[in-house]
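# Residue-level structure breakdown
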Amino acid sequence: MVLVPRPAASLILLRDSAAGPEALMLQRTPSAVFLGGAHVFPGGSLDEADADPRVLRRLLDLDAKDPPAPYRVAAVRECFEEAGILLAWDENRKQITAQRADSLMRYRHRPLIELLEAENLFIPASALAYYGHWITAPGRARRFDTRFFVAVAPEGQAGSHDAAETVHDIWISPREALERGARGELELVFATQHTLHELKSFSSARQAFEHVFALPEVEVNRACWAQGKEGAKLFRRADAAYFEIHWSDPDESGETTYDLAPGVPKRLDRWVQRIIAPNPGVMTGPGTNTYLVGERDLAIIDPGPAIASHIEKILQFKNIKWILCTHTHMDHSPAAAALKAATGAQVLGRPAPEGQDATFKPDFVVESGQRIQLGEASGSISLRAIHTPGHASNHLCYFLEETRMLFTGDHVMQGSTVVINPPDGDMRAYLASLEKLLAEELAIIAPGHGYLIGAPHKELRRLIAHRLGREQKVVRALEQLGDASVEDLLPLVYDDVPARIHRVAARSLTAHLEKLAADGAVRAAGERYALVKSRRAG
């Protein structure tokens, strides 16, 4: 049975020093069940009293977008109890002085409501910027679901550890804390290290606070376990497999796999399984993902290359009724013909442009917005087609409406950006197709290559920003070189890409140049390009 995390809150207090901002850190008593001996920020579990209506009425300037109000109450309360620093406003909405805070230490281990009512004080919600959300990985004796806040320390309040749960206190710069942690002088858990790394770039406590206060959203960091050929491994949000592990193992059993193994079916959820084709490479990553969608009657999405062993693996599944292709590049659609011959399944997609898979002959040409019902009417699920030209003119994504999973083929890939190869590939269309997907309520992306991709809208915006950033590099290179060929531009525009794949990058560079020409920013003369005069002058 997986332990349910307990709600908790932590407060990162910052103050300025001659060397830059410092954070208050407390060392937990070595005998503590959770993080004994570690240096942490003040914080702890939520109490029932943190939701007391009398306390909440004294919480000022609460933003509706914030986490539930008791988390802020707990952050202030725990900071006062553990560190002896009190963030509180008087009746004039002014932070109380250090002298007054010192006089209130008798309340340090008494209910917070007593202090607030007896002294007519208020909790300044706006003085706490919501910074982070970390959930302890399964397997520990205790687990916490912790919201982190950043605040500028009240002037003159230095604080002190409570000599019970904590045995030492220190104001220290994030950089020094990390250096001492690396030397083994301070024990710092991953969430603390991650926070310190982010805080070390700020020049003042106020700058850090204002940056955090302006964050549009706070991501959940929920480390998870999975199994594979290297044994049990812990995955964090930045790891490629993180979102797939959570999607396929929502109960946090730790039994799902992180391996991307060709020919081994993996169940991703109730309705979707995946088989990876044995065609790994620079362009295909671990191999092409073939998805099987449905419970009794199955739809195949992207049957993959016509490799006999891959087709045999797919045919181990019975009741294949539909074969859907996102597009007709040779690593995605050629197996459709053999699967149709073996099963009689209906083939759906859009006809292949010249130079692509000539064997692909759809029984039904899919239009954008059309729904494909899978299964009996009473228990069916539906895939909605979305035309997403760019990587290929006939490219479709399929949206499983019941779970909001989007099958993206090569429109979005995990681990790399896709090649846009004119004339069928079109950078302008590609960017418009990415923008189109931002209007969909997506939960997860099932790409044509690699792991499932979480935070779909963030990924789409990242891809758009990446392509536009690359476009600006093209413009700057043309400003530097003037009249130039693709070969002239490559080393400047793709200076962050290994030279061994410049030949592939040249295709996308050509697509960028064609987009700029269509936008009226670049003129083409044969195989050479230059900025139009008005663009250069600007």
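Residues numbered from 1 in each chain as written. Predicted model: local features only at pLDDT ≥ 70, side-chain atom pairs only at ≥ 80, totals over all residues. Heavy atoms only, no water.

## So, the overall build of the protein chain
- Looking only at helices and strands, the protein chain has 15 helices and 27 strands in total.
- Taking the principal axes of its C-alpha atoms as reference, the protein chain extends roughly 85 × 65 × 45 Å.
- When the 538 residues of the protein chain are sorted by exposure, 54% land in the buried category.
- Considering only contacts within the protein chain whose residues lie at least 6 apart along the sequence, 60% involve residues at least 24 apart.
- For the protein chain, the exposed surface amounts to about 24000 Å²; the carbon and sulfur share of it is 51%.
- Of the side chains in the protein chain, 61 bear a positive and 69 a negative charge, and the two mean positions are spaced by 2 Å. (Helix = DSSP H or I, 4+ residues; strand = E, 2+ residues; numbered from the N terminus. Buried < 20%, exposed > 50% of the residue type's maximum accessible area, 1.4 Å probe, protein only. Contact = heavy atoms within 4.5 Å. Areas by Shrake-Rupley, 256 points an atom, 1.4 Å probe, with all protein chains shown as cover. Lys, Arg positive; Asp, Glu negative; His and termini not counted. Charge placed at Lys NZ, Arg CZ, Asp CG, Glu CD.)

## So, helix α14 (residues 502-518)
- Here α14 spans 24 Å end to end across 17 residues, near enough to the 24 Å set by a 1.5 Å rise per residue.
- Residues of α14 that are buried include every one of His-502, Ala-505, Ala-506, Ser-508, Leu-509, Thr-510, Ala-511, His-512, Leu-513, Lys-515 and Leu-516, and no others.
- Residues of α14 that are buried make contact with α11 (427-437), α12 (456-481), α13 (486-493), β26 (522-525) and β27 (528-531).
- Positive backbone phi, approximately 80°, marks Gly-520, located one or two places after α14. (Expected span 1.5 Å × (residues − 1).)

## Quick look at the packing of α11 against α14
- Direction vectors running N to C along α11 and α14 enclose 85°, while the axes themselves pass 8 Å from each other. Taken together, the axes of α11 and α14 lie roughly perpendicular to each other. Between α11 and α14, the contacting residues are Met-427, Arg-428 and Leu-431 on the first element and Ser-508, Ala-511, His-512, Lys-515 and Ala-518 on the second.
- Residues of the contact of α11 with α14, tallied by class, amount to four nonpolar, two polar and two charged. (Axes fitted to C-alpha atoms, helices over the stretch in contact; angles between N-to-C directions. Parallel < 35°, antiparallel > 145°, perpendicular 65-115°, else oblique. Nonpolar A, V, L, I, M, F, W, Y, C, P; charged D, E, K, R; others polar.)

## Examining helix α5 (residues 174-182)
- Looking only at α5, the buried set comprises Pro-174, Ala-177 and Leu-178. Buried residues in α5, looked at end-on, bunch into an arc of 95°, giving them a common side.
- Residues of α5 that are buried in the fold lie against β2 (20-28), β9 (166-172) and α6 (190-199).
- Within two residues after α5, Gly-184 carries a phi angle of roughly 85°, on the positive side. (Arc of directions from axis to C-beta.)

## Regarding the environment of Arg-428
- Here Arg-428 lies in helix α11.
- A relative accessible area of 42% means that Arg-428 is categorised as partly exposed.
- Between the C-alpha atom of Arg-428 and that of Glu-22, which follows or precedes it by 406 residues, the distance is 47 Å.
- Side-chain polar atoms of Arg-428 contact the side chain of Asp-519, separated by 3.0 Å. (Polar contact = N/O pair within 3.5 Å; in protein donor to acceptor, adjacent residues only side chain to side chain.)

## Description of the state of the cysteines
- What the rule picks out here adds up to zero disulfides.
- Free of any disulfide, Cys-325 has its nearest neighbouring cysteine sulfur in Cys-397, separated by 13 Å.
- According to the relative accessible area criterion, Cys-325 is buried, its value standing at 2%. (Disulfide = S-S within 2.5 Å.)

## Observations regarding the pattern of salt bridges
- Taken as a whole, this structure holds 36 salt bridges when the rule is applied.
- Salt-bridge contacts for Arg-274 lead to Glu-244; the nearest nitrogen and oxygen are separated by 2.8 Å. Linking Arg-274 in strand β14 (residues 272-276) with Glu-244 in helix α8 (residues 242-248), this pair joins segments that are 30 residues apart in sequence. Grouping residues by exposure puts Arg-274 and Glu-244 together as buried.
- Of the charged contacts, one joins Asp-488 and Arg-528 as a salt bridge, the two residues approaching to 3.2 Å between their closest N and O atoms. Of this pair, Asp-488 sits in helix α13 while Arg-528 sits in strand β27; the two residues are 40 residues apart in sequence, bridging distant segments of the chain.
- Residue classification places Asp-488 among the partly exposed residues on the basis of a relative accessible area of 33%.
- Salt bridges here are not isolated pairs; linked through shared partners, they connect Asp-47, Asp-50, Arg-77, Glu-78 and Glu-81. (Salt bridge = Lys/Arg side-chain N within 4 Å of Asp/Glu carboxyl O.)

## Observations regarding the pairing of strand β22 (residues 396-400)
- Within β22, five of the five residues are buried, leaving the element largely enclosed by the surrounding structure.
- Going residue by residue along β22, you find Leu-396, Tyr-398 and Leu-400 tucked away on one face and Cys-397 and Phe-399 tucked away on the opposite face as well.
- Across five bridges, strand β21 (residues 381-387) lies against β22 in antiparallel orientation. Among the inter-strand pairings, Leu-383 is bridged to a residue of β22, identified as Leu-400.
- With three bridges joining them, β22 and strand β23 (residues 405-409) adopt antiparallel strand pairing. Note that in β23 the partner of Tyr-398 across the bridge is Phe-407.
- Between β22 and β23, which pair antiparallel and follow one another directly, the connecting turn spans four residues, one of which, Arg-404, has a positive phi of 65°. (Pairing = 2+ DSSP bridges.)

## Considerations on unusual backbone geometry
- Backbone torsion omega between Pro-422 and Pro-423 reads 10°, so that peptide bond is classified as cis.
- Despite not being glycine, Asp-61 shows a phi value in the positive range, around 60°.
- Among the residues examined, Asp-61 registers a relative accessible area of 39% and is labelled partly exposed.
- With phi around 60°, Glu-252 is a residue other than glycine that occupies positive phi space.
- Structurally, Glu-252 can be placed in the loop between α8 and β13 (266-267).
- Here Glu-252 falls in the buried class, since its relative accessible area comes to 11%.

## Remarks on the nonpolar core
- Ranked by internal contacts, the top residues of the largest apolar core, which has 37 residues, are Leu-11, Leu-13, Leu-86, Leu-115, Leu-121, Ile-123 and Phe-149.
- When residues of this core are traced back to their parent elements, those giving at least two are β1 (6-17), β2, α2 (69-83), α4 (112-119) and β8 (144-152).
- With nine residues, the single largest contributor to this core is α2.
- If we skip the residues at most four places from it in the chain, Leu-121 touches Arg-58, Leu-86, Ala-88, Trp-89, Asp-90, Ile-96, Arg-100, Leu-104, Leu-115 and Leu-116. (Core = buried A, V, L, I, M, F, W, Y, C linked by side-chain atoms within 4.5 Å.)

## Things to note about the sheet that holds β23
- Read from one edge of the open sheet, five strands run β20-β21-β22-β23-β24, paired in mixed fashion. Looking at which strands have only one partner, the edges of the open sheet turn out to be β20 (371-374) and β24 (444-447). Strand after strand, the sheet turns through a mean of 25° between neighbouring axes, direction not considered.
- Pairing analysis gives four bridges linking β20 to β21, with the strands arranged antiparallel. Paired with Leu-374 across the strands is Ile-381, a residue of β21.

## Brief notes about the environment of Thr-284
- Relative to the helices and strands, Thr-284 is located in the loop between β14 and β15 (289-293).
- When the C-alpha positions of Thr-284 and Ile-320 are compared, they lie 25 Å apart, and in sequence the two are 36 residues distant.
- Not counting the four nearest positions on each side in its chain, Thr-284 is found in contact with Asn-279, Asp-331 and His-449.

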